[in-house]
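Below, each chain spelled out in residue letters.
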Amino acid sequence: MQIIKEIRKIPPIYKLIAMFLIFLGILAFYKRGPYVKIFEENQAEYNMPFLQEGRYEFEITYVGFQPGDHIWIYSNAMMDDRNQAGVTLAEATVPEYAGIVSLSIALEDGTRNICVTNDSKVGHFAEGKVQSVSLQNRDSYFLMLCFFFMAAVVLIGGYGKFFEKRPVFCMLVGMGVLASIPLFSDFLYVGDDISFHLARLEGIFQTLRAGEFPVRVNTIQNRGYGNLSASMYPSLFLMPFAMLRFLKVSLMLCFKIMVMAINIATALVSYYSVRRLCNSHKIGMWASFLYTFSAYRLNDLYLRCAIGETLALVFFPLLLWGTYEVLWGDEKKWPVLLLGMTGVLQSHVLSTEICGIFMTVELLLWLAFGSKSGFRNRIFSGMKALALTVLLNAGFLIPFVCFSMQDLQGFHIENELAQFTAYFTQMFSLFMSAEGGAVSDPPGGTRHEMAISVGFVLLAGAVLFCANQVRNRGTDDIRGKLGRRCLGYGVICLVMSSWLFPWEKLLELEWFEALSAPLQFPWRFLGIASVCLCVVTAIAVETFREKGRDYVKILIAGLAICSTVYCFDSICQSRHALNDKMELEGVDHSDSMYMYYISDQYEAWHLELSWEDAAIACLDSKQVTYSDYSRKGTQISVTTHNPGNEEDMLVFPLCYYPGYVVRVDGEPVETKIYYEPILMVACDLPKQTAHVTVAYEGLWIFKAGDALSLATAAGLAAAAWKRRKRRGCSR
């Protein structure tokens, strides 16, 4: 009875929301079911790119067969224990001219290239169906628990008046959820780089599942030969979402949860950063609203699907706040700069380079025009933040720098910065279309070209800010100074992204060409322009509101909403969608930028890599046989028999990178390199029957970097705890 009395104290609106969430949880529960795929009619054979581990029932309707013909299921990408590619999974003999055959298979691991075929000369398959015996993912259960948890939070929060006490936090979370509307479906819209980042997520999971941590080599990319993307791309923020796969959550849902988390984090970080910068709650809210729904960020997230760059955009406002505090504000707040630099670095290396450019410019401006009072303290605070950033991220930076010194294909890409500039007509478009590609069709215009825009709303905000500054002849308060500085950086970034900037002339300088090559696209500077112009627009809106001109905020809000709604509608109408969760989990896409340079071919299929050829090979000794073959992640284990030529090599289906260790009968041997068609891991052929294993263990300096990062993180956590305890005592 006491519980009922307490529940009655909860406001009705929260009860209604909780009931709705519980209803959604029940609906999610009843959406569960086995994996089912129906094949097209009248096919000679049926092919499935990928099936996860589990048991499956096949039902094949055949026509025109002769009694005694065979139907079987096999995978040419599956290896048996004798190191032979191609395994027959099930087989049946047809008894009559036409009928239905049922076959069952059991897979211990995810398997690619599964084919249902036959040996009939004239017959064909009329219809086919495959169904999993049990659930292949737990999305329904996971979503049900999430909705029930949210219902509990709503009830508890309503009872404790949490939402009344923290309305801003709730609004920001809601803003992030609204920015995730394109995710509310049972399919996934295709972005330009979505396959690559899905492969990153799945590769992290599969590598962790194989017992390898930290993840240095993505074992599913490059057709299973492995890729260095896990070391060259920061993976820290992807790790929690990849680990959801251990709960049997589908890769599609993991990706959607990650994108929603990015949107919510963007709203929260931008609000708190700009609020502290301008000492204004309302400016912080406006900046968060404009930035969360900014055209360039939405383009990055949904159209380009540049997850690394979008993650970096989360921390741009924090980096702006931290840079200001160290150089112009309270230098004791240097931990903000540390968090900002770490966030950007652990998101996207190219964005770190771009931010570094503008931070250097700001440092030079401070040295030239800043107050020299407290000079040493500010320099010390900045150096402390920079040094701790390096130490905290040593686990990523050391492998990254080591591999960057290798002759990788990515460093041989032609510098095409001058060819990928944008026009102002694109940068300030109000309605951003989801159609188009990286270049125009035909060349010389913008027809069928990808949306490259900061949005008309930010142009309007910049004009309003300038008008107010001209009318008031500038202001010396923090808003005026910050607004003018951000406007200046925003304009610089717009010009650097445009066709007006002299990229062709600058690229004639050898040193500049080498330094700028990794940027790839000059319109990456629009990320900096977006955060700066959002701050400018937020300041302008609040300034006009304080003067009683509320129509300005209605205008800006209306433009932002119209632009976002059109963008989301365009995504729904124009973008191709992926709806087969099973096939999605078999993604292995990689652009091969992080393979050793041997030619100008970058794609794995151009390099003749395939799952079907992923067998251990000897160059000359054909009599060598194998047994007890197994593979898990980068770990390959096999027993060799009948040794042949002593000068022969054993070549493993693994792209070579420093850090692979080969052992024969448990003893390390020299790891060699085989050079065709790519650099692959190899070793001398054992002279007698031997058990051979290979695994990626990394270099000792990598492990030292991991230890350094852990020690720094522990030290910072201890210092923060002591500082908080000291503050508590002083109170």
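See the structure above.
The rules we used
- For every chain, the first residue of the written sequence is number 1, and numbering continues from 1 onward in sequence order.
- Where totals are concerned, whole chains, interfaces and linings use all residues; where local detail is concerned, this predicted model gives features only for residues with pLDDT of at least 70, and gives and counts side-chain atom pairs only at 80 or more.
- Computation of side-chain values covers all heavy atoms of the structure but excludes hydrogens and water.
- Each helix corresponds to a stretch of at least 4 residues labelled H or I by DSSP, and each strand to a stretch of at least 2 residues labelled E; elements are numbered beginning at the N terminus.
- All radius of gyration figures rest on C-alpha atoms, and the globule criterion is 2.2 Å times the number of residues raised to 0.38.
- Any residue under 20% of the maximum accessible area for its type is buried, any over 50% is exposed, and the rest in between are partly exposed; the area is computed with a 1.4 Å probe on protein chains only.
- By definition in these notes, contact holds between two residues if any of their heavy atoms fall within 4.5 Å.
- Here the Shrake-Rupley method, with its probe set to 1.4 Å, supplies the accessible areas, and only the displayed protein chains count as covering residues.
- Counted as positive: Lys and Arg. Counted as negative: Asp and Glu. His and the chain ends are not counted at all.
- By convention, the point assigned to a charge is CZ for Arg, NZ for Lys, CD for Glu and CG for Asp.
- For this document, the term salt bridge refers to a Lys or Arg side-chain nitrogen within 4 Å of an Asp or Glu carboxyl oxygen.
- Structural elements are reduced to axes, namely lines fitted to C-alpha atoms, with helices fitted over the stretch in contact, and the angle between N-to-C directions of any two is expressed from 0 to 180 degrees.
- Between 65 and 115 degrees an angle is taken as roughly perpendicular, under 35 as roughly parallel, over 145 as roughly antiparallel, and anywhere else as oblique.
- Amino acids outside the nonpolar list (Ala, Val, Leu, Ile, Met, Phe, Trp, Tyr, Cys, Pro) and the charged list (Asp, Glu, Lys, Arg) are all regarded as polar, and Gly is one of them.
- At least two bridges found by DSSP between two strands are what make those strands a pair.
- The set of buried Ala, Val, Leu, Ile, Met, Phe, Trp, Tyr and Cys residues whose side-chain atoms join them within 4.5 Å is what this entry labels a nonpolar core.
- One less than the number of residues in a helix, times 1.5 Å, gives the span that helix is expected to have.
- For cavity detection a 1 Å grid was placed over the protein atoms alone, and a set of points counts as a cavity when a 1.4 Å probe fits there but cannot get out; an open set counts as a pocket when protein lies on both sides within 12 Å along at least five of seven lines, with lining residues being those that have an atom within 4 Å of a point.
- Grid points are joined across faces, edges and corners, and a volume is the space filled by probe spheres set on the points.
- Exposure above 30% relative accessible area and no salt bridge define the residues that can form patches, which grow by joining like charges within 9 Å and nonpolar side chains of Val, Leu, Ile, Met, Phe, Trp and Tyr within 5 Å.
- With the far helix as reference, a near helix turned anticlockwise by less than a right angle produces a left-handed crossing, and one turned clockwise produces a right-handed crossing.
- When two rings of Phe, Tyr or Trp (its six-membered ring) have centres within 6.5 Å they constitute a pair, described as stacked for plane angles under 30 degrees, edge-to-face for angles over 60, and tilted for the intermediate range.
- A ring is scored as having a charge over it whenever the NZ atom of a lysine or the CZ atom of an arginine sits within 6 Å of its centre and within 35 degrees of its normal.

K.L.:
Looking at this structure, how should I read the overall build of the protein?
P.N.:
Per the secondary structure count, the protein includes 25 helices and 19 strands. What you see for the protein is a C-alpha radius of gyration of 29 Å, in line with the 27 Å of a compact globule of 731 residues. Dimensions of the protein, computed from the C-alpha atoms along their principal axes, are close to 90 × 65 × 65 Å. Sorting the 731 residues of the protein into buried and exposed places 51% on the buried side. Of all intrachain contacts in the protein linking residues separated by at least 6 positions in sequence, the fraction that spans at least 24 positions is 76%. Summed over its atoms, the accessible surface of the protein is roughly 34300 Å², and 61% of this surface lies on carbon and sulfur atoms. Charged side chains of the protein number 63 positive and 68 negative; the gap between the two group centres comes to 20 Å.

K.L.:
Looking at this structure, how should I read the side chain of Arg200?
P.N.:
Mapped onto the secondary structure, Arg200 falls in helix H6 (residues 194-209). Buried and unpaired, Arg200 has no salt bridge, with Asp193 as the nearest side chain of opposite charge at 9.2 Å. The residues contacting Arg200, other than those within four sequence positions of it, are Asn218, Gln221, Ser229, Tyr233, Pro234, Ser235 and Leu238.

K.L.:
Just to check I follow, could you spell out the packing of H6 against helix H9 (residues 251-278) for this structure?
P.N.:
It is the contact of H6 with H9, at a shortest axis distance of 11 Å, that shows an interaxial angle of 105°. When the axis of H6 is compared with that of H9, the two are roughly perpendicular. Packed against H6, whose contacting residues are Ile194, Leu198, Leu201 and Glu202, the element H9 presents Leu251, Phe255 and Met258 at the interface. The class makeup of the residues in the contact of H6 with H9 is six nonpolar, no polar and one charged.

K.L.:
Which parts of the structure should I look at to understand the pairing of strand S7 (residues 111-118)?
P.N.:
Here is the key point about a regular strand: its side chains alternate between the two faces of the sheet. Across the eight residues that make up S7, a large majority, seven, are buried. Two strands pair when backbone bridges link them, and strand S2 (residues 46-51) and S7 are joined in this way by five bridges, in the antiparallel orientation. Across the sheet, Tyr46 pairs through a bridge with Val116, a residue of S7. Bridge count between strand S4 (residues 70-79) and S7: five bridges; the pairing is antiparallel. Note that in S7 the partner of Ser75 across the bridge is Ile114.

K.L.:
Just to check I follow, could you spell out the nonpolar core for this structure?
P.N.:
Within soluble globular proteins, side chains that are nonpolar tend to cluster in buried spots. Judged by nonpolar contacts, the single largest core of 127 residues is most densely connected at Phe255, Ile307, Phe316, Leu526 and Ile556. Residue contributions to this core peak at 14 residues, all from helix H22 (residues 526-546). With sequence-adjacent residues up to four places away left out, Ile307 is seen in contact with His197, Phe255, Met258, Val259, Ile262 and Leu301. Among the nonpolar cores identified, the runner-up in size contains 48 residues, and Phe403, Met595, Val624 and Val664 belong to it.

K.L.:
Help me understand helix H13 (residues 334-345) in this model?
P.N.:
Helical geometry note: an α-helix holds 3.6 residues per turn, so side chains three or four residues apart project in the same direction. If you check H13, its first and last C-alpha atoms are 17 Å apart, about what twelve residues at 1.5 Å a residue would give, namely 16 Å. Most of H13 is tucked away: ten of the twelve residues are buried. Turning to H13, its buried residues are Trp334, Val336, Leu337, Leu338, Gly340, Met341, Thr342, Gly343, Val344 and Leu345.

K.L.:
Help me understand the pattern of salt bridges in this model?
P.N.:
Proximity of charged atoms lets side chains of opposite charge pair with each other. Under the counting rule described, the total for this entry stands at 22 salt bridges. Here Arg209 makes a salt bridge to Glu53, at a shortest N to O gap of 2.7 Å. One end of the pair, Arg209, is in helix H6; the other, Glu53, is in the loop between S2 and strand S3 (54-63), and 156 residues separate them in sequence. For Arg575, the salt bridge identified is with Asp192, shortest N-O distance 3.5 Å. Note that Arg575 is positioned in the loop between helix H23 (551-574) and strand S10 (577-578) and Asp192 in the loop between strand S9 (188-189) and H6, a separation of 383 residues in sequence.

K.L.:
Which parts of the structure should I look at to understand empty space enclosed by the protein?
P.N.:
Take a probe with the size of a water molecule and roll it over the atoms, and the empty space left behind shows itself. All chains considered together, the criterion is met by five cavities of 30 Å³ or more. In this model, the largest cavity occupies a volume close to 90 Å³. Contributing to the lining of the largest cavity are Pro182, Leu183, Leu188, Tyr189, Ile194, Phe255, Val259, Leu301, Tyr302 and Cys305. For the lining of the largest cavity, the elements supplying multiple residues, two or more each, are S9, H9 and helix H11 (295-303). Here the residues of the lining of the largest cavity sort into ten nonpolar, no polar and no charged. Approximately 60 Å³ is the volume found for the second largest cavity. For the second largest cavity, the full set of lining residues is Leu290, Phe293, Ser294, Ala295, Val454, Gly455, Val457, Ala560, Ser563 and Thr564. When residues in the lining of the second largest cavity are grouped by element, the largest group, three residues, is from H23. Class assignment of the residues belonging to the lining of the second largest cavity gives a composition of six nonpolar, four polar and no charged.

K.L.:
In this structure, what is going on with the sheet that holds strand S17 (residues 672-674)? I would like to understand it.
P.N.:
Strand-to-strand pairing in sheets goes through backbone hydrogen bonds, with the strands running parallel or antiparallel. What the four strands build is an open sheet, ordered S11-S14-S18-S17; its pairing is antiparallel. Both edges of this open sheet fall to strand S11 (617-618) and S17, since each of them pairs with a single strand only. With four bridges joining them, strand S14 (residues 649-655) and strand S18 (residues 680-684) adopt antiparallel strand pairing. Residue Leu650 lies in a different strand from S18, and its bridge partner there is Cys683.

K.L.:
Help me understand a positive patch on the surface, please; the structure alone is not making it clear to me.
P.N.:
Together, Lys332, Lys722, Arg723, Arg726 and Arg727 give the surface a local cluster of positive charge. In this fold, Lys722 is placed in helix H25 (residues 700-730).

K.L.:
I'm lost on the sheet that holds strand S1 (residues 36-39) in this one. Help?
P.N.:
Taken in spatial order, the four strands of this open sheet run S1-S8-S3-S6, and their pairing is antiparallel. For this open sheet the edge positions go to S1 and strand S6 (99-107), each flanked by a neighbour on one side alone. Strand-to-strand twist in this sheet, taken as the mean axis angle between neighbours without regard to direction, amounts to 15°. Pairing between S3 and S6: nine bridges, direction antiparallel. Across the sheet, the residue bridging to Gly54 is Leu107, located in S6.

K.L.:
Would you explain the packing of helix H14 (residues 349-369) against helix H19 (residues 478-497) in this entry?
P.N.:
A pair of packed helices is captured by two measures, namely the crossing angle of their axes and the spacing between those axes. Remark: H14 packs on H19, axes separated minimally by 13 Å, with the N-to-C direction vectors making an angle of 135°. Relative to H19, the element H14 lies oblique. Between H14 and H19 lies a crossing whose hand is right-handed. Between H14 and H19, the residues in contact are Phe358, Val361, Glu362 and Leu365 and Arg485, Tyr489, Ile492, Cys493 and Met496, respectively. Along the lines of polarity and charge, the residues of the contact of H14 with H19 split into seven nonpolar, no polar and two charged.

K.L.:
Please explain the environment of Leu135 as it appears in this structure.
P.N.:
Relative to the elements of secondary structure, Leu135 occurs in the loop between strand S8 (124-132) and helix H3 (139-159). With 332 residues separating them in the primary sequence, Leu135 and Ala467 have C-alpha atoms 61 Å apart. Every residue in contact with Leu135, bar those within four places of it in the chain, is listed here: Arg32, Gly33, Pro34 and Tyr141.

K.L.:
Looking at this structure, how should I read the packing of aromatic side chains?
P.N.:
Describing an aromatic ring pair means giving the distance of the ring centres and the angle of the ring planes. One pass over the full model with this rule turns up 35 aromatic pairs. Both rings, one in Phe187 and one in Tyr189, keep their centres 5.2 Å apart while their planes meet at 85°; by these two values the pair is edge-to-face. Residue Phe187 is classed as partly exposed on the basis of its relative accessible area of 24%. Directly above the ring of Phe29 sits Arg32, whose terminal nitrogen or CZ lies 4.0 Å from the centroid.

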